[in-house]
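# Fold and contact review
Take a look at the letters that make up each chain.
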Amino acid sequence: MEEYAHKSEIIQTRAGGLGGSDAPLLAKIASLGYVPKTAYKRMAVCKGLIPSEDHGTNAAMRYGDYIENQIFQHLTQGDSSYQSNPMLVSEKYSTPNCLLFAHPDYLKVDEGKQTLYVYECKATRYNVQETKINYRTQLYVEWLLAKEVAAKKGVKWKVKLFLVHYSTDGVNVEECPEFDPNRLSVHEVRFISQVFDVAKGMKIVNDFLETFEFYTEEEEINSAYLPEKVQSQFNQIATFLHEIKEREAKVEEFKARLYDFMQDKGIKRIACDDFSFTLVAPSESSSVDYKKIFEKEFESRHPRKANKLKDQNKKVVKKKGYVLIKTSNNN
């Protein structure tokens, strides 16, 4: 099936801002009051920390693109003023760290009627009412951005938003059947109240992106991929660690020579202002682990009771997490 160039262009705009398809995420952020971890990857794409992934399309998405294109061809046969997937960028809601934009499927600027006609096409198995609910936030964002465009054109300009619904109920999209006009219906969408606080959501995103400088899905990374400020700190600590290791080695070398000297001269202790050095002679020690003997004996005679007692008397020790530092040779 034909791939449409405007779709790749839409993917490219994911860096630098949030689009209409991100509206559900933006609504969630506004509702929560913070950016959830599930959104970190999208935030990383937005800030340009990682590239936008092209996950390809499935049969339903390809069929949806086909239907969208077929409808656009029908529209432009009667009126060439229709635009396909124009990019609307908000001045009101965009922030220094994140643009807010939308790509409505069709747009018509009617100078005579001073009206912007905005259409969002959805090829779906859901009925019209369900589709309006499922895409309510996206439609709301497109409506807001179109209102901005209309306001710039004049106070008398208005916006009419429509959902172009194409029912795929009972259709095998894998076979990509021909476009059926009988499955198509157009419904005006009106908003008389705020669906979600777009300004609040965008402010939260902007503040988050201000200090968001690193993202990875890997459990282990090379420090070279860390932000420059963090890298400099790692390099400084690495220098300290190398110095510590070198000094520890010199101390151990000194102690070995001092041991031989003290043993040879019969000196048991050397004292100075800050430290004392005491000669410790070689020795041996031995002990019997009676607890271990008893446990083995008891387990061999009463294995079930032993397991039960272990479960009943299990002690859980919680340890704080920490960073384990090792040199490159694991010393």
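Basis of the calculations
Residues numbered from 1 in each chain as written. Predicted model: local features only at pLDDT ≥ 70, side-chain atom pairs only at ≥ 80, totals over all residues. Heavy atoms only, no water. Helix = DSSP H or I, 4+ residues; strand = E, 2+ residues; numbered from the N terminus. Buried < 20%, exposed > 50% of the residue type's maximum accessible area, 1.4 Å probe, protein only. Contact = heavy atoms within 4.5 Å. Areas by Shrake-Rupley, 256 points an atom, 1.4 Å probe, with all protein chains shown as cover. Lys, Arg positive; Asp, Glu negative; His and termini not counted. Salt bridge = Lys/Arg side-chain N within 4 Å of Asp/Glu carboxyl O. Core = buried A, V, L, I, M, F, W, Y, C linked by side-chain atoms within 4.5 Å. pLDDT = per-residue confidence, 0-100. Disulfide = S-S within 2.5 Å. Expected span 1.5 Å × (residues − 1). Pairing = 2+ DSSP bridges.

### With respect to the overall build of the chain
Helices and strands together make up the secondary structure of the chain, namely ten helices and ten strands. Per-residue burial for the chain yields a buried fraction of 32% across its 331 residues. Contacts in the chain between residues far apart in sequence, at least 24 positions, make up 66% of those at least 6 positions apart. Accessible surface for the chain amounts to roughly 23,200 Å². Of this, 50% is attributable to carbon and sulfur atoms.

### Structural notes on the side chain of E142
With respect to the helices, strands and loops of the structure, E142 is situated in helix α6 (residues 136-153). K122 provides the closest opposite charge to the buried, salt-bridge-free E142, at an N-O distance of 6.4 Å. Ignoring anything within four residues of it in the chain, the contact list for E142 reads A102, H103, P104, V118 and E120.

### Regarding the nonpolar core
Grouped together as the largest cluster of nonpolar side chains are 46 residues, with contacts concentrated most on M43, L100 and V198. Elements that contribute at least two residues to this core include exactly α2 (23-32), α3 (40-47), β4 (99-102), β6 (115-124), α6, β7 (158-167) and α7 (198-211). Residue contributions to this core peak at eight residues, all from α6. Counting 17 residues, the second-largest nonpolar core is a separate cluster that includes Y82, C121, F162 and V173.

### Looking at the confidence of the model for the chain
Averaged over all residues, the pLDDT of the chain is 84; the fraction at 70 or higher stands at 83%. In this model residues 1-8 is a low-confidence stretch, pLDDT under 50, and it forms 16 contacts with partners more than four residues away in sequence or in other chains.

### Observations regarding the state of the cysteines
Applying the stated criterion to the full structure yields zero disulfides. No disulfide involves C46; its nearest neighbouring cysteine sulfur is the one of C98, lying 3.7 Å away.

### So, α6
Here α6 is 18 residues long and its end C-alpha atoms lie 26 Å apart, about the 26 Å a rise of 1.5 Å per residue gives. Every buried residue belonging to α6 is among T137, Q138, L139, Y140, V141, E142, W143, L144, L145, A146, E148 and A150, and all of these are buried. Looking one or two residues past α6, G154 carries a phi angle of roughly 150°, positive in sign.

### Side note on the sheet that holds strand β3 (residues 88-89)
Within the open sheet, the three strands sit side by side as β1-β4-β3. Their pairing is mixed. Strands with a single pairing partner mark the edges of an open sheet, and in this sheet they are β1 (17-18) and β3. Relative to β4, β1 runs parallel, the two sharing two bridges. In the strand pairing of β4, G17 is matched with L99.

### Looking at the pattern of salt bridges
Enumeration over the complete set of coordinates arrives at ten salt bridges. Between D22 and R42 there is a salt bridge, with its nearest N and O atoms 2.9 Å apart. Placement of D22 in the loop between β1 and α2 and of R42 in helix α3 is noted, with a sequence separation of 20 residues between them. With its nearest N and O atoms 3.9 Å apart, the salt bridge here joins D264 to K265. Residue classification places D264 among the exposed positions, given a relative accessible area of 60%. Among the ionic contacts, a cluster of salt bridges with common partners joins K160, E188 and R190.

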